[in-house]
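Summary of the model geometry
One letter stands for each residue in the lines below.
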Amino acid sequence: MIKQKIVLRFPPHVVEQPTIYHLIKDFDLMVNILRADINPKKEGRLMMELSGSESNYQRAVEWLQEQGLQIINLEQQIIWRSDLCTHCGACTVICPTEALMFERPAMTVRFAEEKCIVCELCLRACPARAMETLVENANFG
Ligand code: SF4
Ligand code: SF4
C-alpha cells in the first residue's frame, strides 16, 4: 500500500477530461481531494491524497504524465512547536482543514498532522513562530 499527497497541474486541454474517474476506475486508487483550483479552459491545480497498491500507483503516475499532467510529490511537513505555542488560536481560524483546532474544555490548541495539507497559511498567521516547515526530498518530477 502507498499513500501519497500530490499536486496535479492540468494544462488547459486536459482540464475538462475525467481524470479522477480514471484514477479510481482504471487504477483502483482511493482519491481524497484536499484542494482544487480548476477553471474550464485554463490551467488547473488539484491537491489530493492517493492511496492504493504501489504498482497501481506507479501505473497511474505514468498514465498521468502521458496525459500531459505535471505531478508534484508533497514531501513537505509542517511542524508544530508546542514549546513555543501560546494557544492564541490565530492559526485555528485560517487552517482550511482543521488540522489546528482548539480542544475543549481546556481550550488549548492541538495539531492533527494527518489533516495538514501543507498550505503554510499557519506559518504566516502565527505570532509566536510556533509553526515551522520541513522539506524532505521535495520531488518536482
Ligand atoms: S499548513 Fe497549517 S494552515 Fe495549512 S493545513 Fe497545515 S496546519 Fe492547517
Ligand atoms: S497561532 Fe501559533 S501561537 Fe497561536 S495557537 Fe496557533 S501555533 Fe499556537
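Right above here is the structure, for reference.
Reference entry: report on the structure contained in this document. (Residues numbered from 1 in each chain as written. Chains lettered and ligands numbered in written order. Predicted model: local features only at pLDDT ≥ 70, side-chain atom pairs only at ≥ 80, totals over all residues. Heavy atoms only, no water.)

1. So, the sheet that holds strand S3 (residues 44-52)
Across the sheet, four strands lie side by side as S2-S3-S1-S4; this open sheet has antiparallel pairing. Edge positions in the sheet fall to strand S2 (30-37) and strand S4 (70-73), since each of these pairs with one other strand and no more. Taking each pair of neighbouring strands and ignoring which way they run, the sheet shows an average axis angle of 25 degrees. Relative to S3, strand S1 (residues 2-10) runs antiparallel, the two sharing nine bridges. Paired with Leu 8 across the bridge in S3 is Leu 46. The strands touched by helix H2 (residues 54-66) are S1, S3 and S4; relative to S1, the strand with the most contacts, the crossing angle is about 5 degrees. (Pairing = 2+ DSSP bridges. Helix = DSSP H or I, 4+ residues; strand = E, 2+ residues; numbered from the N terminus. Axes fitted to C-alpha atoms, helices over the stretch in contact; angles between N-to-C directions. Contact = heavy atoms within 4.5 Å.)

2. Overview of the site of ligand 2
Taken together, the neighbourhood of ligand 2 is formed by 14 residues, with Cys 85, Cys 88, Gly 89, Cys 91 and Cys 126 sitting nearest. Across the shell around ligand 2, the residue classes tally to 11 nonpolar, three polar and no charged. (Near = heavy atom within 4 Å. Nonpolar A, V, L, I, M, F, W, Y, C, P; charged D, E, K, R; others polar.)

3. So, the side chain of Lys 5
In this fold, Lys 5 is placed in strand S1. Salt bridges are absent for the buried Lys 5, whose nearest opposite-charge side chain, Glu 49, sits at 4.8 Å. A distance of 2.4 Å separates a polar atom in the side chain of Lys 5 from the backbone oxygen of Cys 116. Once you skip the residues sitting within four places of it in the chain, Lys 5 turns out to touch Leu 34, Met 48, Glu 49, Ile 72, Asn 73, Leu 74, Glu 113, Glu 114 and Cys 116. (Buried < 20%, exposed > 50% of the residue type's maximum accessible area, 1.4 Å probe, protein only. Lys, Arg positive; Asp, Glu negative; His and termini not counted. Salt bridge = Lys/Arg side-chain N within 4 Å of Asp/Glu carboxyl O. Polar contact = N/O pair within 3.5 Å; in protein donor to acceptor, adjacent residues only side chain to side chain.)

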